[in-house]
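Here is how the chains run, residue by residue.
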Amino acid sequence: KSNERNKLPMNESKTFTIFTQIIERPKRKAIILRGKTAKDYFAYCEEVGCDIWGELVSIKDALYEPVGMWLPEKLIKPNTSEYVQGVEVDVNYQGLLPEGCELIDLEPQTYLVFQSEPYEDEHFGQAISASWEAIKKYDPSLYGYNFDYKEAPKCQLEPWGYRGYIEMHPIKKINK
């Protein structure tokens, strides 16, 4: 249940808050649909449409909700996009794949989760931009980590104003 007075009005005079937490993901697989050259959600939808989201949501064996993913170079096939949409499933997943989708392996990964405060749905663009600006300034080395974009995808959860904008960035412990 939303609390209207806690929703972000998106004006210049208010401080924009980002919450962070570290989570661990086990070895798993992801069902993904690749694009052609897309680097973000809007370009992806222009290339392949947005219908895949509904199919990903309906996968009963999904470990979590579907996400937009920016794949690391090692997971990008020739002539396909960096940005894909997908859903994580157990490492032993044997179910059906939606048409055009494929199953990729994802190794265990530590993620730094960034979550904005709630916002009015009509201000989602501003909330995403403000979140991206805050994330760009964040230095995980203060807590003993570095971003690890070469090994795992960066993920974007569906933006819903009631819960804030959420991104997950792969990190690794700094060896000292």
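Conventions adopted
Residues numbered from 1 in each chain as written. Predicted model: local features only at pLDDT ≥ 70, side-chain atom pairs only at ≥ 80, totals over all residues. Heavy atoms only, no water. Patch = residues over 30% accessible without salt bridge, like charges linked within 9 Å, V, L, I, M, F, W, Y side chains within 5 Å. Areas by Shrake-Rupley, 256 points an atom, 1.4 Å probe, with all protein chains shown as cover. Salt bridge = Lys/Arg side-chain N within 4 Å of Asp/Glu carboxyl O. Helix = DSSP H or I, 4+ residues; strand = E, 2+ residues; numbered from the N terminus. Phe/Tyr/Trp six-rings, centres within 6.5 Å; stacked < 30°, edge-to-face > 60°. Buried < 20%, exposed > 50% of the residue type's maximum accessible area, 1.4 Å probe, protein only. Lys NZ or Arg CZ within 6 Å of the ring centre and 35° of its normal. Pairing = 2+ DSSP bridges.

Q: Whenever I open this one, a nonpolar patch on the surface confuses me. Can you help?
A: A contiguous nonpolar patch, built from Tyr 41, Phe 42 and Phe 124 and spanning about 300 Å² of accessible area, is present on the exposed surface. Locating Phe 124 in the fold gives a position in helix H3 (residues 124–137).

Q: So what exactly am I meant to see when it comes to the packing of aromatic side chains here?
A: Where two aromatic rings form a pair, the distance of their centres and the angle of their planes describe that pair. On inspection of all chains with the given rule, the structure shows seven aromatic pairs. Note on Tyr 44 and Tyr 83: the rings are 5.6 Å apart at their centroids and 70 degrees apart in plane angle, and the pair reads as edge-to-face. With a gap of 39 residues between them, Tyr 44 in helix H1 (residues 41–48) and Tyr 83 in strand E4 (residues 83–89) connect regions that are remote in the sequence. Residue classification places Tyr 44 among the buried positions, given a relative accessible area of 0%. Residue class for Tyr 83 comes out buried when judged on its relative accessible area of 1%. Between Tyr 138 and Tyr 143, the ring centres sit 6.3 Å apart and the planes meet at 15 degrees, which makes this aromatic pair stacked. Note on Tyr 138: relative accessible area 24%, which makes it partly exposed. Ring pairs connect the aromatic residues Tyr 44, Trp 70 and Tyr 83, which therefore count as one cluster. The ring of Tyr 64 carries the charged tip of Arg 25 above its face, separated from the ring centre by 3.4 Å. It is Lys 173 that lies over the ring of Tyr 145; its NZ or CZ is 4.6 Å from the centre.

Q: Just checking my understanding: could you explain the pairing of strand E9 (residues 166–173) for this structure?
A: It is a general feature of regular strands that their side chains alternate between the two faces of the sheet. Of all eight residues that make up E9, six are buried, and the element is covered over most of its length. Looking at chain direction, strand E6 (residues 109–116) and E9 are connected through six bridges and run antiparallel. Within E9, the position partnered with Leu 112 by the bridge is His 169. Summarising the sheet, strand E7 (residues 145–147) and E9 pair through three bridges and their orientation is antiparallel. Bridge pairing in E9 links Phe 147 to Ile 171. Relative to E9, strand E8 (residues 154–157) runs antiparallel, the two sharing two bridges. Along E9, the bridge assignment pairs Gln 156 with Glu 167.

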